[in-house]
Amino acid sequence: MPTDPVTNRYGAIAAEIYDIDKPYFALPDTAFHLERFQNFGRPILEPACGSGRTLVPFLQAGLDIAGFDPSEEMLARCRARCAAAGVSADLTRQRYEDFAYARRFGAILIPVGSFTLVDDVAAARAVLRRFFDHLEPGGILVVDQQGLNVLAGQGQDRRRWTAPSGDVLTCEGIRTHTDWLGQRAETTYRYERWRDGRLVESQLDVMAQRYWGLEEFRLALEAAGFTDVSVVGGYDRRRGPRTGDRVLTFEAVRPA
Ligand SMILES: C[S@@+](CC[C@H](N)C(=O)[O-])C[C@H]1O[C@@H](n2cnc3c(N)ncnc32)[C@H](O)[C@@H]1O
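Residues numbered from 1 in each chain as written. Predicted model: local features only at pLDDT ≥ 70, side-chain atom pairs only at ≥ 80, totals over all residues. Heavy atoms only, no water.

1. Some details on the overall build of the chain
Okay, so step 1: Check the secondary structure of the chain and you find seven helices and eleven strands.
Okay, so step 2: Taken over C-alpha atoms, the radius of gyration comes to 18 Å for the chain, in line with the 18 Å a tight globule of 256 residues would show.
Okay, so step 3: For the chain, the C-alpha atoms occupy an extent of roughly 60 × 45 × 35 Å along the three principal directions.
Okay, so step 4: Counting over 256 residues, the chain shows a buried share of 52%.
Okay, so step 5: Taken together, the 32 basic and 35 acidic charged side chains of the chain have centroids lying 1 Å from each other. (Helix = DSSP H or I, 4+ residues; strand = E, 2+ residues; numbered from the N terminus. Rg over C-alpha atoms; globule rule 2.2 N^0.38 Å. Buried < 20%, exposed > 50% of the residue type's maximum accessible area, 1.4 Å probe, protein only. Lys, Arg positive; Asp, Glu negative; His and termini not counted. Charge placed at Lys NZ, Arg CZ, Asp CG, Glu CD.)

Listed below in structure tokens is the structure:
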């Protein structure tokens with residue numbers, strides 16, 4: 001489990017906001033990945049599955065998908081959302097850096113840029129090798145990567161939501177560090193819960209992310225043993241990456 005209690009932890013308020021802010025299918029990635037995995041007859045693993053925004057629609061589509069996540073709050077929401085949808089999955093509390101399964105998967109899918117949360121380059125390379133080792137020969141790795149243009153952005157984020165309970169939830173994110181050499185950014189998020197005009201809970205989370213260049217990530221995949229690397233931009237399978245794309249989807253194969 002994470003050793004630093006606040007970095008990339010997705011605590012209770014963050015998890016609650018995640019589900020209000022990103023309902024199923026609100027982002028284009030779910031339909032894009034569902035189309036790719038239509039009739040995929042092999043087990044899929046979603047590392048960093050969070051609260052099941054991707055995992056639950058995959059289960060509802062009849063796909064065999066397991067997930068892990070280090071955040072107890074996100075996993076609890078995932079279990080509750082599986083139960084509400086009448087589906088069940090192998091869900092465990094693990095992290096990229098040391099996850100382990102006795103079985104192997106036909107695919108590993110990391111939607112929406114969560115791989116950036118491995119903010120150290122050597123650790124990220126080791127995670128790619130761990131992905132490789134957990135795939136069957138011929139298995140595929142699909143990773144959405146946020147572009148370097150996201151690192152170059154301001155990283156400012158200031159929003160509010162009204163929860164179904166009536167609580168007002170706020171989030172203020174400020175970029176607190178940018179390491180251009182390491183292609184790494186730290187953003188400090190202050191989350192608050194307001195009830196009847198009074199602040200009843202607050203929480204500080206630090207998001208540490210590493211962003212990859214297009215060729216750099218291709219080389220890292222190949223160094224981990226993957227072949228046949230292909231890249232799609234903007235969740236549009238008809239085209240390759242463009243300079244303004246905020247998300248690039250990499251697909252790579254563990255050779256048979
Ligand atoms: C942006 S959410 C993505 C959730 C889900 N994949 C989705 O598509 O909505 C990122 C998730 O990464 C998880 N996470 C953070 N650090 C992690 C780590 N070291 N290993 C695995 N997951 C991690 C967080 O707990 C959070 O649930």
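2. Thoughts on the pattern of salt bridges
Okay, so step 1: Per the counting criterion, the structure on display carries 27 salt bridges.
Okay, so step 2: The closest approach of N and O atoms between Asp21 and Arg159, which form a salt bridge, is 3.2 Å. With Asp21 in helix H1 (residues 12-21) and Arg159 in strand S6 (residues 157-162), the pair connects residues that are 138 residues apart, well separated along the chain.
Okay, so step 3: Among the ionic pairs, Arg184 bridges to Asp119, the shortest N-O distance being 2.7 Å. A residue pair is termed long-range when its members are at least 10 positions apart, and Arg184 in strand S8 (residues 184-195) and Asp119 in the loop between strand S4 (105-110) and helix H5 (121-133) qualify at 65 residues.
Okay, so step 4: Accessibility expressed as a relative area gives 23% for Asp119, which makes it partly exposed. (Salt bridge = Lys/Arg side-chain N within 4 Å of Asp/Glu carboxyl O.)

3. Examining the sheet that holds strand S9 (residues 198-210)
Okay, so step 1: Read across the open sheet, the four strands follow the order S6-S7-S8-S9; overall the sheet is antiparallel. On the outer flanks of this sheet lie S6 and S9, each paired with one strand and no other. Each adjacent strand pair in this sheet contributes to an overall mean axis angle of 15°, direction not counted.
Okay, so step 2: Alignment of S8 against S9, held across twelve bridges, turns out to be antiparallel. Residue pairing across strands places Tyr191 opposite Gln203, the latter belonging to S9. (Pairing = 2+ DSSP bridges. Axes fitted to C-alpha atoms, helices over the stretch in contact; angles between N-to-C directions.)

4. What about the nonpolar core?
Okay, so step 1: With 31 residues, the main nonpolar core has Phe115, Leu128, Phe131, Leu141, Leu221 and Phe226 as its most contacted residues.
Okay, so step 2: Of all the secondary structure elements, the ones that give two or more residues to this core are strand S2 (65-68), S4, H5, strand S5 (135-146), helix H7 (214-223), strand S10 (227-233) and strand S11 (247-253).
Okay, so step 3: Sort the elements by how many residues they give to this core and H5 lands first, with five residues.
Okay, so step 4: Excluding its chain neighbours within four sequence positions, the residues that come into contact with Phe115 are Tyr96, Ile110, Ala124, Val127, Leu128, Phe131, Val143, Gln145, Trp212 and Phe217. (Core = buried A, V, L, I, M, F, W, Y, C linked by side-chain atoms within 4.5 Å. Contact = heavy atoms within 4.5 Å.)

5. What to know about helix H4 (residues 72-85)
Okay, so step 1: Taking 1.5 Å as the rise per residue, H4 with 14 residues should run 20 Å; its terminal C-alpha atoms sit 20 Å apart, in good agreement.
Okay, so step 2: Inspection of H4 places Met74, Leu75, Cys78, Arg81 and Cys82 among the buried residues, and these make up the whole buried set. End-on view of H4: buried residues confined to an arc of 125°, all on one side of the axis. When the buried face of H4 is taken as reference, the exposed residues oriented beyond 90 degrees from it are Ala83 and Ala84.
Okay, so step 3: Summarising the contacts, the buried residues of H4 are in contact with H1, helix H3 (55-60) and strand S3 (91-92).
Okay, so step 4: Downstream of H4 by a residue or two, Gly86 has a phi angle that is positive, lying close to 75°. (Expected span 1.5 Å × (residues − 1). Arc of directions from axis to C-beta.)

6. What about the domain arrangement of the chain?
Okay, so step 1: For the chain, the assigned domains read domain 1 (12-147 + 212-253) and domain 2 (150-209).
Okay, so step 2: The centre of domain 1, based on its C-alpha atoms, is set 23 Å off from the matching centre of domain 2.
Okay, so step 3: When residues of domain 1 are sorted by the area they lose upon contact with domain 2, Ile13, Ile17 and Asp119 head the list and together hold 37% of the total.
Okay, so step 4: Scanning the region where domain 1 abuts domain 2 turns up three salt bridges. (Domains from an automatic or database assignment. Buried area = accessible area lost by both parts, 1.4 Å probe.)

7. A few points about the packing of H1 against H4
Okay, so step 1: Packing of H1 against H4 leaves a shortest axis separation of 8 Å and a crossing angle of 40°. One way to sum up the angle between H1 and H4 is to call them oblique. Handedness of the H1/H4 crossing: right-handed. Where H1 approaches H4, its residues Ala12, Ala15, Glu16, Tyr18 and Asp19 are matched on the opposing element by Glu73, Met74, Arg77 and Arg81.
Okay, so step 2: Taken together, the residues of the contact of H1 with H4 sort by class into four nonpolar, no polar and five charged. (Parallel < 35°, antiparallel > 145°, perpendicular 65-115°, else oblique. Left-handed = near helix turned anticlockwise from the far one by under 90°. Nonpolar A, V, L, I, M, F, W, Y, C, P; charged D, E, K, R; others polar.)

8. Looking at the site of the ligand
Okay, so step 1: Around the ligand, a shell composed of 20 residues is seen, among which Tyr18, Glu46, Ala48, Arg53 and Asp69 lie nearest.
Okay, so step 2: In this structure, Tyr18 approaches the ligand through a side-chain N or O atom, which is 2.6 Å from an oxygen atom.
Okay, so step 3: The separation between an oxygen atom of the ligand and a polar side-chain atom of Thr54 is 3.0 Å.
Okay, so step 4: For the ligand, whose unbound accessible area comes to 600 Å², protein coverage reaches 95%.
Okay, so step 5: Of the residues in the shell around the ligand, the class split is ten nonpolar, five polar and five charged. (Near = heavy atom within 4 Å. Polar contact = N/O pair within 3.5 Å; in protein donor to acceptor, adjacent residues only side chain to side chain. Areas by Shrake-Rupley, 256 points an atom, 1.4 Å probe, with all protein chains shown as cover.)

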